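# Residue-level structural notes
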Amino acid sequence: MVKRLFPQQIKGIDEHYGIRIREAPHIYKWEVHAFPDTLTKVNNMLNKQTSVTIPENPADIINGTRTRALWLAPCKALITSSKPLNISIPPALALSCDQSDGRKGIRITGGCAQYVLQKGVSVPLDRDDGADFVVQTALHGISLIIDAHKSGFDIYFYRSFAVSFQEWLLQSSLEYGYMRE
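The structure reproduced in this document is the subject of the present report. (Residues numbered from 1 in each chain as written. Predicted model: local features only at pLDDT ≥ 70, side-chain atom pairs only at ≥ 80, totals over all residues. Heavy atoms only, no water.)

## So, the side chain of Arg103
Position of Arg103 among the secondary structure elements: in strand E8 (residues 103-109). What makes Arg103 buried here is its relative accessible area of 5%. Among residues more than four places away in sequence, those in contact with Arg103 are Lys29, Glu31, Ile145, Tyr156, Phe157, Tyr158 and Arg159. (Helix = DSSP H or I, 4+ residues; strand = E, 2+ residues; numbered from the N terminus. Buried < 20%, exposed > 50% of the residue type's maximum accessible area, 1.4 Å probe, protein only. Contact = heavy atoms within 4.5 Å.)

And the structure:
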């Protein structure tokens, strides 16, 4: 059994790096939960403020200008952005909360990224149509939001689980190798 490892890089059994790990570029996160009868008004406000709206269908993602809306539940989304968000929606229309300090985000890329993640999550992480999608799952009691896109996976989890998730990820990546950027 390998003891706790925290190096910057480990080559896999084939002397290459199977995955690359870095901070997700969408570091600002805002959760919005509209009420069914206020969804249209909330979407109009969100579109003006962030250029995205709450996705209607499960697993959907709406892309805006440096902003993404990830479907979480009916009338509920996680808005992620590379620029600061200041969403202002009256509490009578929706529940909204800045999650930037509450959730950590990392990006995993590389040819073995999906294989490593599939070791711990029970939901499929590929789609036949190749479109971007989002799934919510758990890994050893850690609640994850996985934003799957063409270049890899952005994974969001509560900051208090960062060390536990990092340890699992590094241990699961050893056979493929990893580089932390």
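## Some words on helix H3 (residues 162-173)
Between its first and last C-alpha, H3 extends 16 Å over 12 residues, near the 16 Å set by a 1.5 Å rise per residue. Every buried residue of H3 is accounted for by Phe165, Trp168, Leu169, Leu170, Ser172 and Ser173. (Expected span 1.5 Å × (residues − 1).)

## A closer look at the nonpolar core
Residues Ile19, Leu144, Ile155, Phe165 and Leu169 are the most contacted members of the largest nonpolar core, which totals 27 residues. When residues of this core are traced back to their parent elements, those giving at least two are strand E2 (19-23), E8, helix H2 (113-118), strand E9 (133-139), strand E10 (142-149), strand E11 (152-158) and H3. Not counting chain neighbours up to four residues away, the residues in contact with Phe165 comprise Ile106, Leu139, Ile142, Leu144, Ile155 and Phe157. Ranked by size, the runner-up nonpolar core spans 16 residues in total, among them Trp30, Val52, Cys75 and Ala77. (Core = buried A, V, L, I, M, F, W, Y, C linked by side-chain atoms within 4.5 Å.)

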